[in-house]
Amino acid sequence: MADQEMLSGLKPPLLHPDMDANREWLHKNKSMRLVDKVMDEHEAVRRFVHEGDFIATELYGSVRAPMGICREIVRQGFKNLNFAGQGVMETELLIAAKCVKKCELTYQGWEVYGISNILRRAAESGELEISEWSNAALAWRLKAAAMGISFIPTRSMLGTDTFKYSGAKTIRCPFTGQIYAALPATMVDVGIIHAHRADRYGNAQIDGISGFAWELARASKRLIISVEEIISSDEVRKWPDRTMIPWFLVDAVVHQPFGSYPGEMAYCYERDQEHMQSYFQATKTEEGTKAYLKEWVYDLKDHQALLDKIGTDRLAWLKSQILGR
Amino acid sequence: MEYKPNELLICVAARQMEDGTSAFIGTGIPMLAAALAKRMHAPNLVTLFEFGGCGGTLEHLPLGVGDSKTFYKAFAALGICDLMETSQRGMVDYGFLGGAQIDMYGNLNSTVIGPHDRPKVRLPGSGGANDIGSSCWKTIAIMQHTRQRFVQKLDFLTTAGYLTGPGAREAAGLPRGTGPYRVVTNLALMGYDEATCRMKLLATNPGVTVEQVIENTGFELIIPDKIGVNDPPTERELMLLRNEIDPNHLYI
């Protein structure tokens, strides 16, 4: 084992993990001052997302996904974004609308229904450049950035083509000699998280599983959060232990009830299975995809227009379907 | 009682789950199998879902691994790092995996068919599979049994099985004593030969011959002298599956 050659993945990380540069950027551009950050989705995306940016979304395409913000990114017509992550719908929408050029991917698929037609067309045509990572690897890379360190050693990805087509490297532990996969930190340009509620400064609470919201919030230069509900700071101060994302990480707070639609939100509303099925059918062809994007994204001026189109009866029914505690 | 091939597959998978152990559960058949096991012989099976669901009741069938049904009445709703680190620390017994291809060492492909950068078919990618295959003590793969899926050489090695054979996992840096344990298919139940780490036939499904299994396997499967036969689903198993676990026929 002592002679074993150290290995490098073939696909260098899209972001160089220069932590001193990140420190300087955060020190200069972020602040702990209490500022009212509530704004609409047009403003949030216009101010904080820029062509060429590396973005990441959380949680996962049909569950507490920032669909409202992603639809706005599509509407604003970006052509040259990169992303890290996984998705059923939110990252898929960005690929479908040809907003992204490169991605650090762990999973893009439809679980029960099968594989993603959108990803297939983008990957098989060579249009989308992809590096491979495991699910935990992407989350741990955010965790490393959150810790302010440039890599994290793990026991995932070793020995596989997933490693080979990633930007990981093997390293040896200086204490034990154990081989680990060293994963480069990812401090993304823009993180986007949909949360249950926040105050106007951005102190955000999430109910149910936390996915990788904790890590992404701390590994984002700019952080847009959309929320089901805006609450008072007095309410936040009553339950400070519930603040998963503190204000100083947040740049924009966007009020978007049903912001995860057609995905679900724990304890709030169930996913719209019929809508997701019709979208999945539509994506089987390029024309169907275009028609879907026109009807459900481009032709709607904002999130409220989407809610109006779905209608209050349907939204009330989705609320009635979600499991309680 | 009449049953569908998938129902037997779910029952055989469920019977692999041990009471009082912990298991990472993926979407689809593993969810049904875990729900069945918890109602049959393994009420204390702790189901883990990679996005954070930990020790839920599985009273309602989830549609995805982040679904709120994965943590309904759960002991804990955690996050992905927390659960994957729990596994990396050595505290997760089993992991259930699937894929488009498997080889004789239990390595799995769920990334691409054809070359990576210009694939013939782009599949979803690793997701949590690589992590689960890396750090759970034992993994159980659930597959459809065809020559296209049981291959001599994978198009892409997404998730580590025994890699190239004995000692290869440890040499790569993977945790000692971990690796593939069972493969459950629509035709048979397989395990692994201890000396060679190669897949071996353990039992066939009712009505399936050993020759059929061999014909549908694209690599040389070890055929021991003694081969069992899986019991067909019992009436109780079928009743639970059809009436309680998946009454809306989402999966079966």
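Given the structure is predicted, the values throughout are model-derived calculations rather than measurements.

### Considerations on the overall build of chain B
- Secondary structure assignment for chain B yields 7 helices and 14 strands.
- Counting only C-alpha atoms and orienting by the principal axes, one finds that chain B spans roughly 45 × 45 × 35 Å.
- A buried classification covers 56% of the 252 residues belonging to chain B.

### Notes on the overall build of chain A
- Scanning chain A for helices and strands turns up 13 helices and 11 strands.
- Rg of the C-alpha trace for chain A: 20 Å, near the compact-globule value of 20 Å for 325 residues, within the 12% margin.
- Residues classed as buried in chain A amount to 54% of the 325 residues present.

### Focus: the nonpolar core
- By size, the foremost hydrophobic cluster in this structure holds 171 residues, and its most contacted members are A:Leu94, A:Ile225 and B:Leu36.
- Top contributing element to this core by residue count: helix H6 (residues 135-147) of chain A, with 9 residues.
- Once residues lying within four places of it in the same chain are set aside, the contact partners of A:Ile225 are A:Ile193, A:Ala195, A:Ala198, A:Gly202, A:Ala204, A:Ile245, A:Val250 and A:Val253.
- Within the second largest apolar cluster, 6 residues are counted, among which are B:Ala100, B:Val112, B:Leu123 and B:Phe156.

### Notes on the sheet that holds strand S6 (residues 169-172) of chain A
Residue and element names in this part refer to chain A.
- Taken together, 3 strands build an open sheet; the order of strands is S5-S7-S6 and the sheet is antiparallel. This sheet does not close on itself; its edge strands, each paired only once, are strand S5 (151-154) and S6. The average angle at which neighbouring strand axes cross in this sheet is 40°, direction not considered.
- Where H6 meets the sheet, it contacts S5 and strand S7 (179-184), and its direction lies at approximately 140° from that of S5.

### A closer look at unusual backbone geometry
- A cis amide bond links A:Glu58 with the next residue in sequence, A:Leu59, at an omega value of 10°.
- Positionally, A:Leu59 belongs in the loop between strand S1 (54-58) and helix H3 (67-75).
- With an omega dihedral of 5°, the bond running from A:Tyr261 to A:Pro262 counts as a cis peptide bond.
- Mapping A:Pro262 onto the fold places it in the loop between strand S11 (252-255) and helix H10 (273-282).
- Positive phi values are uncommon outside glycine, yet A:Arg64 reaches one of about 40°.
- C-beta crowding within 10 Å serves as the criterion here: with 31 such atoms nearby, A:Arg64 is assigned to the buried category.
- In this structure, B:Lys73 is a non-glycine residue whose phi angle is positive, near 50°.
- Position of B:Lys73 relative to the elements: it lies in the loop between strand S3 (53-54) and strand S4 (76-77).
- We classify B:Lys73 as exposed; it has 12 C-beta atoms within 10 Å.

### A closer look at helix H2 (residues 41-48) of chain A
Residues and elements named next belong to chain A.
- Within H2, the full set of buried residues consists of Glu41, Ala44, Val45 and Phe48. Looking straight down H2, one finds its buried side chains confined to an arc of 95°; they lie on one side.
- On the buried face of H2, the contacting elements are H3, strand S8 (188-198), strand S10 (220-230), S11 and helix H12 (303-310).

### Thoughts on the interface of chain A and chain B
- Each side of the interface is counted separately: chain A has 52 residues, and chain B has 53 residues.
- Broken down by secondary-structure element, the contributors of at least two residues to the side of chain A that touches chain B are strand S3 (100-108), helix H5 (117-124), H6, helix H7 (161-164), S7 and helix H8 (213-218) of chain A.
- Among the elements that line the side of chain A that touches chain B, the one with the most residues is H6(A), at 5 residues.

### Section: the pairing of strand S5 (residues 94-97) of chain B
Residues and elements named next belong to chain B.
- The side-chain alternation of S5 yields two buried faces, one formed by Tyr94 and Phe96 and the other by Gly95 and Leu97.
- Direction of pairing for strand S1 (residues 22-24) relative to S5: parallel, over a ladder of 2 bridges. Bridge pairing in S5 places Ala23 opposite Tyr94.
- Bridge count for S5 against strand S10 (residues 138-143) is 4 bridges, and the pairing is parallel. Following the sheet pairing, Leu97 is matched in S10 by Ala141.

### Structural notes on the environment of B:Lys69
- With respect to the helices, strands and loops of the structure, B:Lys69 is situated in the loop between S3 and S4.
- A tally of 23 C-beta atoms within 10 Å means that B:Lys69 is categorised as buried.
- For the pair B:Lys69 and B:Gly177, spaced 108 residues apart in the sequence, the C-alpha separation amounts to 32 Å.
- Once residues lying within four places of it in the same chain are set aside, the contact partners of B:Lys69 are A:Leu323, B:His60, B:Leu61 and B:Pro62.

### Observations concerning the confidence of the model for chain B
- Here chain B averages 96 in pLDDT, while 100% of its residues score no lower than 70.
- Interface confidence in the predicted complex, given as ipTM, is 0.97; pTM for the same model is 0.97.

### Considerations on the environment of A:Leu158
- Structurally, the position occupied by A:Leu158 is in the loop between S5 and H7.
- Sequence-wise, A:Leu158 and A:Ala44 are 114 residues apart; in three dimensions their C-alpha atoms are separated by 39 Å.
- Beyond its immediate chain neighbours, meaning those up to four positions away, A:Leu158 contacts A:Phe163, A:Ala181, B:Ser134, B:Ala160, B:Ala172, B:Gly173 and B:Leu174.

### Thoughts on the packing of H2(A) against H3(A)
All names here are of chain A.
- Relative orientation of the contacting elements H2 and H3 amounts to 65°, with a least axis distance of 10 Å. In this structure, the crossing between H2 and H3 has a hand that is right-handed. Residues Glu41, His42 and Val45 of H2 form the contact with H3, whose participating residues are Gly68, Ile69, Glu72 and Ile73.
- Tallied by class, the residues present in the contact of H2 with H3 amount to 3 nonpolar, 2 polar and 2 charged.

### Quick look at the pairing of S10(B)
All names here are of chain B.
- Counting buried positions along S10 gives 5 out of 6 residues, so the element sits mostly inside the fold.
- Pairing between S10 and strand S11 (residues 179-185): 6 bridges, direction parallel. When the sheet's bridge partners are listed, Ile140 is paired in S11 with Arg182.

### Quick notes on the environment of A:Asp53
Residue and element names in this part refer to chain A.
- Positionally, Asp53 belongs in the loop between H2 and S1.
- The exposure class of Asp53 is partly exposed, given the 18 C-beta atoms found within 10 Å.
- The spacing of Asp53 and Asp189 is 136 residues in sequence and 5.8 Å in space, taken between C-alpha atoms.
- With near-sequence residues (within four places) excluded, Asp53 lies in contact with Leu81, Asp189 and Val190.

Parameters and conventions
Residues numbered from 1 in each chain as written. Chains lettered and ligands numbered in written order. Predicted model: local features only at pLDDT ≥ 70, side-chain atom pairs only at ≥ 80, totals over all residues. Helix = DSSP H or I, 4+ residues; strand = E, 2+ residues; numbered from the N terminus. Buried ≥ 20, exposed ≤ 12 C-beta atoms within 10 Å, placed from the backbone. Rg over C-alpha atoms; globule rule 2.2 N^0.38 Å. Core = buried A, V, L, I, M, F, W, Y, C linked by C-beta atoms within 7 Å. Contact = placed C-beta atoms within 7 Å. Pairing = 2+ DSSP bridges. Axes fitted to C-alpha atoms, helices over the stretch in contact; angles between N-to-C directions. Arc of directions from axis to C-beta. pLDDT = per-residue confidence, 0-100. Left-handed = near helix turned anticlockwise from the far one by under 90°. Nonpolar A, V, L, I, M, F, W, Y, C, P; charged D, E, K, R; others polar.

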